[in-house]
Amino acid sequence: MAISAPPRERVQEQQEVWISDHALTFEEYLTEYEGVKEHVELIRGVPTTRMAANIPHEKLFGWLYRLFGDYVEQHDLGMVFGSRTAVKITNYDGRLPDIIFIRKERQHKLEWLT
């Protein structure tokens, strides 16, 4: 017996990007957009506004953050950060993940945060 997926509606979203004469590096992105109120990620050298989260997303984030954070702290495993921590993917890509865990032995990688 085949199970069919519910019908889906295709929609278009608007996305805000910043145009420049060159692709921004991750380091330029940090310098230019650190502390900006909107969630701005770097995608292929282009600063791009990330969509706002909805209430179910925020409730799940809060639960996971507390769960992971408490566990990591109790077991002294490292650090857990929320969605304002930029993560370098490549020299021209940086993301703002909802939750990120940094193992204790890799915390030296966070020098640029201080």
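Participant: Please clarify how the pairing of strand β4 (residues 87–90) should be interpreted in this entry.
Facilitator: Regular strands have side chains that alternate between both faces of the sheet. Where β4 and strand β5 (residues 93–95) come together, three bridges link them in antiparallel fashion. Paired with Val 87 across the bridge in β5 is Arg 95. The antiparallel pairing of β4 with β5 creates a hairpin that spans two residues between the two strands.

Participant: What's the story with the confidence of the model for the protein chain in this structure? I'm lost.
Facilitator: Detailed reading of predicted coordinates is not advised where the pLDDT is low. A residue-level look at the protein chain finds 91% of positions with pLDDT of 70 or above and a mean pLDDT of 84. Here strand β2 (residues 46–49) is the element of the protein chain with the lowest mean pLDDT, 87, and helix α2 (residues 55–74) is the one with the highest, 93.

Participant: Mind showing me how you'd approach helix α1 (residues 26–33) here?
Facilitator: Residues spaced three or four apart along an α-helix point in a common direction, a consequence of the helix completing one turn every 3.6 residues. If you check which residues of α1 are buried, you get Phe 26, Tyr 29, Leu 30 and Tyr 33. The arc that holds every buried residue of α1, seen down its axis, measures 100°, which confines them to one face. What points out from α1, more than 90 degrees from its buried face, is the exposed set Thr 31 and Glu 32. At its buried positions, α1 is contacted by β1 (40–43), β2, β4 and β5.

Participant: What am I meant to see in the pattern of salt bridges here?
Facilitator: Scanning the model with the defined rule gives four salt bridges in all. Residue Glu 27 pairs with Lys 88 through a salt bridge whose shortest N-O separation is 3.4 Å. Here Glu 27 is found in helix α1, whereas its partner Lys 88 is found in strand β4, with 61 residues between them in sequence. A residue is classified by how much of its surface remains accessible, and Glu 27, at 43% relative accessible area, is partly exposed. Of the charged contacts in the structure, one is a salt bridge between Asp 76 and Lys 104, with a shortest N-O distance of 2.4 Å. With Asp 76 in the loop between α2 and β3 (78–81) and Lys 104 in the segment after β6 (100–103), this residue pair connects regions lying 28 residues apart in the sequence. Under the relative-accessibility criterion, Asp 76 is labelled partly exposed at 48%. Judged by its relative accessible area of 42%, Lys 104 is partly exposed.

About the criteria used
Residues numbered from 1 in each chain as written. Predicted model: local features only at pLDDT ≥ 70, side-chain atom pairs only at ≥ 80, totals over all residues. Heavy atoms only, no water. Pairing = 2+ DSSP bridges. Helix = DSSP H or I, 4+ residues; strand = E, 2+ residues; numbered from the N terminus. pLDDT = per-residue confidence, 0-100. Buried < 20%, exposed > 50% of the residue type's maximum accessible area, 1.4 Å probe, protein only. Arc of directions from axis to C-beta. Contact = heavy atoms within 4.5 Å. Salt bridge = Lys/Arg side-chain N within 4 Å of Asp/Glu carboxyl O.

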